[in-house]
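Notes for the structure review
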Amino acid sequence: MNNPMPRISRRRFLGTTAAAAVVVTAGSSGIAASRTTHPTPSLTVADLPRGSAPQPLAFDHFPSRLHAFVWRNWQLVPTQRMAEVVGARNSDIVRIGRAMGLGKPPRIARHQQVRSPLTVIRRNWHLLPYEQILTLLNWTPDQLAFTLREDDVLFIKLGSLKPDCPPLRYRAPDAATLRREEEIAEIVAAEFPGALDLAEPLFDFVSRLSAPPKRGDIPSPLTGESLRFCFSYFALTGDPLLEKDADPYPEGLLARLSQAGVNGVWLHTPLYKISPFPWDPRRSEHYSERLENLRRLVARARRHSIRVLVYLNEPRGLPLAFFERYPHLKGVTEGDHAALCTSVPEVQQYLVDSVASVCRAVPDLGGFFSITFSENLTHCWSHNGGKGCPRCSQRPPAEVLGEVNPLFWKGIQLAGTGARLIAWDWGWPSDWVPEAIRQLPAEVPLMSVSEWSLPIERGGVKSDVGEYSISAVGPGPRARRHWRLARDRGLKTLAKIQAGNTWELSTVPYIPAVENVARHAENLRESRVDGLMLGWTLGGYPSPNLEVVAEVMAGATASEGLQRVAERRFGRQLAAAVVEAWRGYSEAFREFPYHIGVCYTGPQQLGPANPLWAQPTGYKATMVGFPYDDLDGWRAIYPPETFASQFERMAAGFESNLHTLRQAHSQAKGVAAEQHQALERECGVAEAAAIHFRSCSNQTRFLLARAAFLAAKTPSEAAPFRATLVKLAQAEIELARRLFRLQTRDSRLGFEASNQYSYIPVDLMEKVLNCRHLLEGWEKE
């Protein structure tokens with residue numbers, strides 16, 4: 001591959017997963033009772049992926065693994081369900097929680113359970129074996145297999161391994177356990193008065209954003225003809241068109257996105273879920289119901305002048321068992337799946353017919369955008385392994401890749417609707433690009449990641465941007481080259497950016513480096529692109545970032561756009577101070593130690609929720625999942641000291657500008673109550689970002705000090721490093737306290753659609769237990 005800056009491929013981490021069924025959640029017990037169809041034979045627990053199955057981590061700040069289980073699930077899983085998992089009575093679980101100071105078990109609403117299974121899976125990954133995770137979720141093995149493979153490659157995010165956890169059983173507490181419970185309760189009472197009496201419950205933002213805005217709450221929609229489309233801030237990423245309890249685009253969200261200048265939204269569903277699958281109709285079970293729900297969504301969105309697009313990543317690879325019956329369709333093999341070979345006429349006709357059937361069923365559908373070289377196995381060259389196919393190995397790779405989009409377009413033409421197709425060049429090897437663009441139909445625009453291959457220097461380290469960056473202001477040379485090739489053919493062009501947030505920091509609703517976003521939009525307007533994709537699955541919150549993009553693309557300068565958005569959101573009295581803060585945050589954020597490896601494996605998504613460890617865990621950081629203590633994985637190309645210093649610079653810049661903004665706020669006169677509240681929440685987002693950055697620096701320096709401490713040969717040699725460890729653990733306690741206060745007042749913090757909650761308040765409380773436990777251990781040495 002000749003990509004200037006290829007992204008760390010999620011597929012190379014993907015372990016062998018079992019053939020998965022189409023699954024949806026419904027019902028009322030557990031996390032989500034399931035309605036599951038089985039296009040392949042039902043799976044067993046033995047079929048679930050395990051990888052290397054290492055020993056799980058131990059959490060010694062709890063008296064037992066049972067206590068860690070109760071603590072971590074207290075805010076997400078009903079106590080009765082927890083009791084069933086470990087063979088206890090409900091009263092036993094309630095007693096444990098109360099004894100640790102967690103108070104009365106919270107009421108966990110149905111919508112919270114439906115929206116939190118990924119969070120539940122992740123927090124029990126080192127605590128429970130698969131059998132008990134299934135009981136906790138009230139799922140089947142088929143449903144978990146599907147989720148691990150198809151829900152934004154969850155198994156990769158979990159490290160492509162399942163720790164070998166023994167079954168967890170309830171045991172009555174002994175005297176030592178009771179004493180430790182009391183100690184934990186004392187810490188909770190001292191550090192977190194009121195504990196889990198949340199001012200804003202988890203997922204509260206869903207109801208806020210779902211309710212139609214009151215008249216006069218927000219201004220008229222921003223104008224502009226060019227397409228600007230994004231993903232829902234809180235859609236599920238599994239089977240969104242069949243999930244009745246989790247509307248991906250409720251009325252209120254559509255209205256607010258429209259007001260923020262968005263005129264397109266997208267969702268993902270494999271073609272076999274929304275069209276008949278000719279070789280195995282069971283795989284398409286409920287497709288008519290999904291299409292009806294898609295029709296309804298399209299009609300609702302049109303009332304807000306928003307078009308709906310469907311993401312195509314086709315044809316999806318299928319389990320090897322499928323090809324036992326249809327060997328002539330089989331292309332390259334990867335693990336327990338193989339490609340539907342697009343050199344086979346039957347497969348080509350399937351793609352044409354499927355797209356056509358969707359367009360006919362939903363004639364007002366805005367269209368599709370496609371990725372033809374990605375993590376999912378699709379055509380035989382989609383993972384650069386086409387030599388393993390007897391047909392595709394005889395064809396140029398670019399020809400195989402390039403013929404897929406014309407097949408999609410042929411289906412749209414057959415249907416005769418107004419649907420459009422956008423071809424995204426994500427991952428295309430450089431030497432394939434000219435031929436792939438040459439094969440695009442004249443009506444199909446090319447979309448390219450704007451900032452890809454942009455040269456940068458951070459902390460004296462030179463590199464290039466991959467994607468997912470707000471810290472770097474594009475466009476870069478790769479996009480410019482591809483747009484030029486497309487325009488030479490008379491094609492229109494689009495830019496894919498991240499306007500709201502990125503994997504540089506995904507767990508705030510938006511990164512308030514708004515000037516960087518405005519400048520990027522200004523550059524793209526001058527580059528004459530014909531539309532924008534505003535983000536992948538993250539960044540879809542109706543934020544000032546989205547608004548400023550619309551303003552600038554409609555003709556405003558970056559400065560004018562910033563001023564207009566600030567006045568609209570916070571009033572004239574505060575606008576100048578807000579703009580100055582946005583400029584300061586942007587300058588600070590340009591210090592982010594960017595590398596795609598940092599984005600994916602660094603600790604910035606968790607911040608102070610990431611535990612500290614007295615001894616190396618031996619685990620490698622996973623993609624936006626578990627950072628563990630893998631400093632070498634976090635820092636990518638940056639020296640450890642540079643990595644820590646860059647996060648310190650960002651934290652200091654955010655803190656300084658936030659302090660100035662709060663001073664201006666305190667001195668402003670005549671600020672309306674709504675604007676006052678809006679600015680308080682704006683400040684909370686900036687403070688949370690600063691806390692995450694400060695924690696990343698602390699954690700890096702902690703690991704450096706830990707290595708020196710463990711290598712010391714004498715007590716006197718170890719003493720200064722122990723002192724550093726103590727100081728940093730105490731600093732992390734304070735950051736965890738501060739972030740706890742913010743998250744309990746703003747349920748958006750810690751959340752991102754494809755990962756759900758990366759942390760919740762009990763995790764920040766646990767960090768304090770974790771640090772206090774370490775401090776006690778060092779005091780005894």
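What you see is a predicted model, and the numbers here were worked out from it, not measured in a lab.

1. Focus: the overall build of the chain
- Counting its regular elements, the chain contains 29 helices and 17 strands.
- Taken over the C-alpha trace, the chain has a radius of gyration of 26 Å; the compact-globule value for 781 residues is 28 Å, and the two agree within 12%.
- Principal-axis analysis of the C-alpha atoms places the extent of the chain at approximately 75 × 65 × 55 Å.
- The buried share of the chain, reckoned over its 781 residues, is 65%.
- Taking contacts inside the chain between residues at least 6 apart in sequence as the whole, the part at least 24 apart equals 78%.

2. Thoughts on the layout of surface pockets
- Put simply, the second largest pocket is a space of about 330 Å³.
- What lines the second largest pocket is a set of 18 residues, among which Gln75, Pro106, Arg107, Leu196 and Leu198 lie closest to the centre.
- Considering only residue class, the lining of the second largest pocket consists of 11 nonpolar, 4 polar and 3 charged.

3. Focus: the confidence of the model for the chain
- Chain-level statistics for the chain give a pLDDT mean of 92 and a share of 93% at 70 or above.
- Scored below 50 in pLDDT, residues 1-30 makes 121 contacts in the model with residues more than four places away or belonging to other chains.
- In this model, residues 32-40 is a region of pLDDT below 50 whose contacts with residues beyond four sequence positions or in other chains number 45 contacts.

4. As for the sheet that holds strand 10 (residues 420-424)
- The strand order 3-4-5-9-10-11-14-15 describes a closed barrel built from 8 strands, whose pairing is parallel. With strand direction ignored, the average angle separating the axes of adjacent strands in the sheet is 30 degrees.
- Relative to strand 4 (residues 264-268), strand 3 (residues 227-231) is paired through 3 bridges, and the arrangement is parallel. Note on strand 4: the bridge partner recorded for phenylalanine 229 is glycine 264.

5. Here we look at the packing of helix 15 (residues 345-361) against helix 17 (residues 404-415)
- Running from amino to carboxyl end, helix 15 crosses helix 17 at an angle of 40 degrees, the nearest separation of the two axes being 7 Å. Here helix 15 lies oblique to helix 17, going by the angle between them. Both helix 15 and helix 17 take part in a crossing whose hand is right-handed. In contact with Gln348, Leu351, Val352, Val355, Ala356, Cys359 and Arg360 of helix 15, helix 17 contributes Leu407, Phe408, Lys410, Gly411, Ile412, Leu414 and Ala415.

6. Regarding the environment of alanine 672
- Within the element layout of this structure, alanine 672 appears in the loop between helix 26 (640-667) and helix 27 (673-711).
- By relative accessible area, which is 31% here, alanine 672 ends up partly exposed.
- Distance from alanine 672 to glutamine 573, taken between C-alpha atoms, is 9.9 Å for residues 99 residues apart in sequence.

7. Quick look at the environment of isoleucine 371
- Examined against the element boundaries, isoleucine 371 turns out to sit in strand 9 (residues 367-371).
- Distance from isoleucine 371 to glutamate 225, taken between C-alpha atoms, is 24 Å for residues 146 residues apart in sequence.
- For isoleucine 371, the residues in contact, after removing those within four places along its chain, are Tyr311, Leu312, Asn313, Trp424, Trp426 and Trp536.

8. What to know about the state of the cysteines
- Taken as a whole and assessed by the stated rule, the structure comprises 0 disulfides.
- In this model cysteine 392 remains outside any disulfide bridge; the closest cysteine sulfur is found in cysteine 341, 3.6 Å from its own.
- Free cysteine cysteine 771: the closest other cysteine sulfur is in cysteine 696, separated by 14 Å.

9. Some words on the pattern of salt bridges
- Applying the stated criterion to the full structure yields 44 salt bridges.
- With a shortest N-O distance of 3.9 Å, arginine 590 and glutamate 515 are connected by a salt bridge. Placement of the pair is arginine 590 in the loop between helix 23 (572-589) and helix 24 (596-601) and glutamate 515 in helix 20 (residues 514-526), with a sequence separation of 75 residues.
- What emerges from the salt-bridge pattern is a single network uniting Glu200, Asp204, Arg208, Arg681, Asp746 and Arg748.

10. Details of empty space enclosed by the protein
- For the coordinates displayed, the defined rule picks out 13 cavities of 30 Å³ or more.
- One number sums up the size of the largest cavity: a volume of about 390 Å³.
- Around the largest cavity, the lining is made up of 24 residues, and of these Arg72, Leu606, Ala609, Pro611 and Phe626 lie nearest the centre.
- Where the lining of the largest cavity is concerned, the elements lending two or more residues are helix 5 (117-123) and helix 29 (761-780).
- Counting residues per element, the lining of the largest cavity draws most heavily on helix 29, which supplies 4 residues.
- Across the lining of the largest cavity, the residue classes tally to 11 nonpolar, 7 polar and 6 charged.

11. Some remarks on the packing of helix 27 against helix 28 (residues 715-743)
- At a closest axis distance of 9 Å, the pairing of helix 27 and helix 28 adopts a crossing angle of 160 degrees. Overall, the two elements helix 27 and helix 28 adopt an arrangement that is roughly antiparallel. With respect to the hand of their crossing, helix 27 and helix 28 are arranged in left-handed fashion.

12. Looking at the pairing of strand 5 (residues 307-312)
- Among the 6 residues that make up strand 5, 5 are buried, leaving the element largely enclosed by the rest of the structure.
- The pairing of strand 4 with strand 5 spans 5 bridges and is parallel. Within strand 5, the position partnered with histidine 268 by the bridge is tyrosine 311.
- Alignment of strand 5 against strand 9, held across 4 bridges, turns out to be parallel. Counterpart to valine 310 in the pairing with strand 9 is phenylalanine 368.

13. Topic: the pairing of strand 14 (residues 493-496)
- Residues Thr493 and Ala495 of strand 14 are buried on one face, and the alternating residues Leu494 and Lys496, pointing to the opposite face, are buried as well.
- Of the strand pairs in this sheet, strand 11 (residues 446-449) and strand 14 are connected by 4 bridges, and their pairing is parallel. Its bridge partner lying in strand 14, valine 449 is registered against lysine 496.
- Two strands pair when backbone bridges link them, and strand 14 and strand 15 (residues 531-533) are joined in this way by 2 bridges, in the parallel orientation. Along strand 15, the bridge assignment pairs alanine 495 with leucine 532.
- Taking the sense of rotation as the criterion, the β-α-β connection linking strand 14, helix 20 and strand 15 turns out right-handed.

14. As for the packing of aromatic side chains
- Enumeration over the complete set of coordinates arrives at 48 aromatic pairs.
- When the ring of tyrosine 233 is compared with that of tyrosine 541, the centres are 5.1 Å apart and the planes differ by 75 degrees; the resulting orientation is edge-to-face. Of this pair, tyrosine 233 sits in the loop between strand 3 and helix 11 (251-259) while tyrosine 541 sits in the loop between strand 15 and helix 21 (544-553); the two residues are 308 residues apart in sequence, bridging distant segments of the chain.
- Of the aromatic side chains, those joined through ring pairs into one cluster are Phe203, Phe205, Tyr233, Phe234, Tyr510, Tyr541, Phe751 and Tyr757.
- Its end group placed over the ring of tryptophan 125, lysine 162 keeps NZ or CZ at 5.1 Å from the ring centre.
- Sitting over the face of the ring of tryptophan 452, arginine 478 holds its NZ or CZ atom 4.2 Å from the ring centroid.

Procedures and definitions
Residues numbered from 1 in each chain as written. Predicted model: local features only at pLDDT ≥ 70, side-chain atom pairs only at ≥ 80, totals over all residues. Heavy atoms only, no water. Helix = DSSP H or I, 4+ residues; strand = E, 2+ residues; numbered from the N terminus. Rg over C-alpha atoms; globule rule 2.2 N^0.38 Å. Buried < 20%, exposed > 50% of the residue type's maximum accessible area, 1.4 Å probe, protein only. Contact = heavy atoms within 4.5 Å. 1 Å grid on protein atoms, 1.4 Å probe; cavity = no way out; pocket = protein on both sides within 12 Å on 5 of 7 lines; lining within 4 Å. Points joined across faces, edges and corners; volume = space filled by probe spheres on them. Nonpolar A, V, L, I, M, F, W, Y, C, P; charged D, E, K, R; others polar. pLDDT = per-residue confidence, 0-100. Pairing = 2+ DSSP bridges. Axes fitted to C-alpha atoms, helices over the stretch in contact; angles between N-to-C directions. Parallel < 35°, antiparallel > 145°, perpendicular 65-115°, else oblique. Left-handed = near helix turned anticlockwise from the far one by under 90°. Disulfide = S-S within 2.5 Å. Salt bridge = Lys/Arg side-chain N within 4 Å of Asp/Glu carboxyl O. Right-handed = clockwise from strand over helix to strand, strands pointing away. Phe/Tyr/Trp six-rings, centres within 6.5 Å; stacked < 30°, edge-to-face > 60°. Lys NZ or Arg CZ within 6 Å of the ring centre and 35° of its normal.

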